[in-house]
Amino acid sequence: MKLTMGEKIRILLKRKNVTIIELSKRLGTTNQNMANKFKRDNFSMNELEAIAEALDCEFEGYFVDKNGDRI
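Residues numbered from 1 in each chain as written. Predicted model: local features only at pLDDT ≥ 70, side-chain atom pairs only at ≥ 80, totals over all residues. Heavy atoms only, no water.

You'll find the protein chain entered in an unreviewed UniProt entry as Helix-turn-helix transcriptional regulator, with Alkaliphilus serpentinus given as the organism.

Here it is, written out as C-alpha coordinates:
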(Lines give C-alpha, C1' and ligand atoms only; values in the text may rest on other atoms or scores of the structure.)
Protein backbone atom coordinates (compact mmCIF):
# COMPACT_ATOMS: atom_id res chain seq x y z
CA MET A 1 0.00 0.00 0.00
CA LYS A 2 1.39 3.38 -1.01
CA LEU A 3 1.30 6.18 1.51
CA THR A 4 0.01 9.59 0.49
CA MET A 5 2.38 12.53 0.88
CA GLY A 6 0.24 13.78 3.77
CA GLU A 7 0.62 10.42 5.53
CA LYS A 8 4.39 10.52 5.02
CA ILE A 9 4.56 14.02 6.49
CA ARG A 10 2.44 12.94 9.47
CA ILE A 11 4.83 10.04 10.14
CA LEU A 12 7.77 12.44 9.99
CA LEU A 13 5.99 14.89 12.32
CA LYS A 14 5.40 12.12 14.84
CA ARG A 15 9.04 11.00 14.67
CA LYS A 16 10.21 14.59 15.12
CA ASN A 17 7.64 15.22 17.89
CA VAL A 18 6.23 18.25 16.02
CA THR A 19 2.53 19.10 15.73
CA ILE A 20 0.84 20.37 12.58
CA ILE A 21 0.28 23.65 14.44
CA GLU A 22 4.01 23.94 15.14
CA LEU A 23 4.82 23.07 11.52
CA SER A 24 2.41 25.79 10.36
CA LYS A 25 4.22 28.31 12.57
CA ARG A 26 7.62 27.24 11.26
CA LEU A 27 6.39 27.67 7.69
CA GLY A 28 4.74 31.02 8.37
CA THR A 29 1.29 29.82 7.34
CA THR A 30 -2.00 29.34 9.12
CA ASN A 31 -3.08 26.12 10.75
CA GLN A 32 -6.22 26.24 8.56
CA ASN A 33 -4.15 26.43 5.38
CA MET A 34 -1.98 23.52 6.49
CA ALA A 35 -5.01 21.45 7.50
CA ASN A 36 -6.51 22.04 4.04
CA LYS A 37 -3.29 20.89 2.37
CA PHE A 38 -3.35 17.67 4.40
CA LYS A 39 -7.06 17.18 3.66
CA ARG A 40 -6.53 17.55 -0.11
CA ASP A 41 -3.04 15.98 -0.03
CA ASN A 42 -1.96 18.97 -2.11
CA PHE A 43 1.69 19.93 -1.63
CA SER A 44 3.91 21.67 -4.18
CA MET A 45 7.59 20.78 -4.57
CA ASN A 46 8.51 24.11 -2.95
CA GLU A 47 6.25 23.35 0.01
CA LEU A 48 7.70 19.87 0.42
CA GLU A 49 11.22 21.29 0.40
CA ALA A 50 10.18 23.93 2.98
CA ILE A 51 8.57 21.26 5.16
CA ALA A 52 11.76 19.19 4.99
CA GLU A 53 13.86 22.21 5.98
CA ALA A 54 11.46 23.06 8.83
CA LEU A 55 11.81 19.49 10.10
CA ASP A 56 15.60 19.40 9.69
CA CYS A 57 15.69 16.77 6.97
CA GLU A 58 15.96 16.55 3.19
CA PHE A 59 13.26 15.99 0.60
CA GLU A 60 14.31 14.12 -2.52
CA GLY A 61 11.56 14.29 -5.13
CA TYR A 62 12.25 12.50 -8.38
CA PHE A 63 10.93 10.09 -10.96
CA VAL A 64 12.62 6.71 -11.38
CA ASP A 65 12.67 5.38 -14.95
CA LYS A 66 12.22 1.65 -15.51
CA ASN A 67 15.95 1.41 -16.21
CA GLY A 68 16.64 2.85 -12.73
CA ASP A 69 17.53 6.39 -13.81
CA ARG A 70 16.40 9.08 -11.36
CA ILE A 71 15.03 12.19 -13.01
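On we go from here.
**Student:** I keep staring at the nonpolar core and nothing clicks. Help me out?
**Tutor:** Here is a general trend for soluble globular proteins: nonpolar side chains tend to be buried in one another's company. Of all hydrophobic cores here, the largest spans eleven residues; its members are Ile9, Leu13, Val18, Leu23, Met34, Phe38, Phe43, Leu48, Ile51, Ala54 and Leu55. Within the residue set of this core, elements represented by two or more residues are α1 (5-16), α3 (31-40) and α4 (45-54). No other element matches α4, which puts three residues into this core. Excluding residues that lie within four positions of it along the chain, phenylalanine 38 makes contacts with Gly6, Ile9, Arg10, Leu13, Ile20 and Phe43. (Core = buried A, V, L, I, M, F, W, Y, C linked by side-chain atoms within 4.5 Å. Buried < 20%, exposed > 50% of the residue type's maximum accessible area, 1.4 Å probe, protein only. Helix = DSSP H or I, 4+ residues; strand = E, 2+ residues; numbered from the N terminus. Contact = heavy atoms within 4.5 Å.)

**Student:** Help me understand the environment of phenylalanine 59 in this model?
**Tutor:** Counting through the fold element by element, phenylalanine 59 comes out in the segment after α4. Remark: the alpha-carbon pair of phenylalanine 59 and methionine 34, spanning 25 residues in sequence, is separated by 18 Å. Residues within four places of phenylalanine 59 in sequence aside, it is in contact with Met5, Met45, Leu48, Glu49 and Ala52.

**Student:** What's the story with the layout of surface pockets in this structure? I'm lost.
**Tutor:** The gaps left among the atoms become clear once a water-sized probe is rolled over them. Reported here for the largest pocket is a volume of approximately 320 Å³. Around the largest pocket sit Met5, Lys8, Ile9, Leu12, Leu48, Ile51, Ala52, Cys57, Glu58, Phe59 and Glu60, which together line it. Mapped onto the lining of the largest pocket, the elements with two or more residues apiece are α1 and α4. Tallied by class, residues from the lining of the largest pocket come to eight nonpolar, no polar and three charged. (1 Å grid on protein atoms, 1.4 Å probe; cavity = no way out; pocket = protein on both sides within 12 Å on 5 of 7 lines; lining within 4 Å. Points joined across faces, edges and corners; volume = space filled by probe spheres on them. Nonpolar A, V, L, I, M, F, W, Y, C, P; charged D, E, K, R; others polar.)

**Student:** Looking at this model, I keep getting lost on the environment of lysine 16. Mind explaining?
**Tutor:** With respect to the helices and strands, the residue lysine 16 is situated in helix α1. Between the C-alpha atoms of lysine 16 and asparagine 36, which are 20 residues apart in sequence, the distance is 21 Å. In this structure, lysine 16 is in contact with Leu55 and Asp56, ignoring residues within four places of it in sequence.

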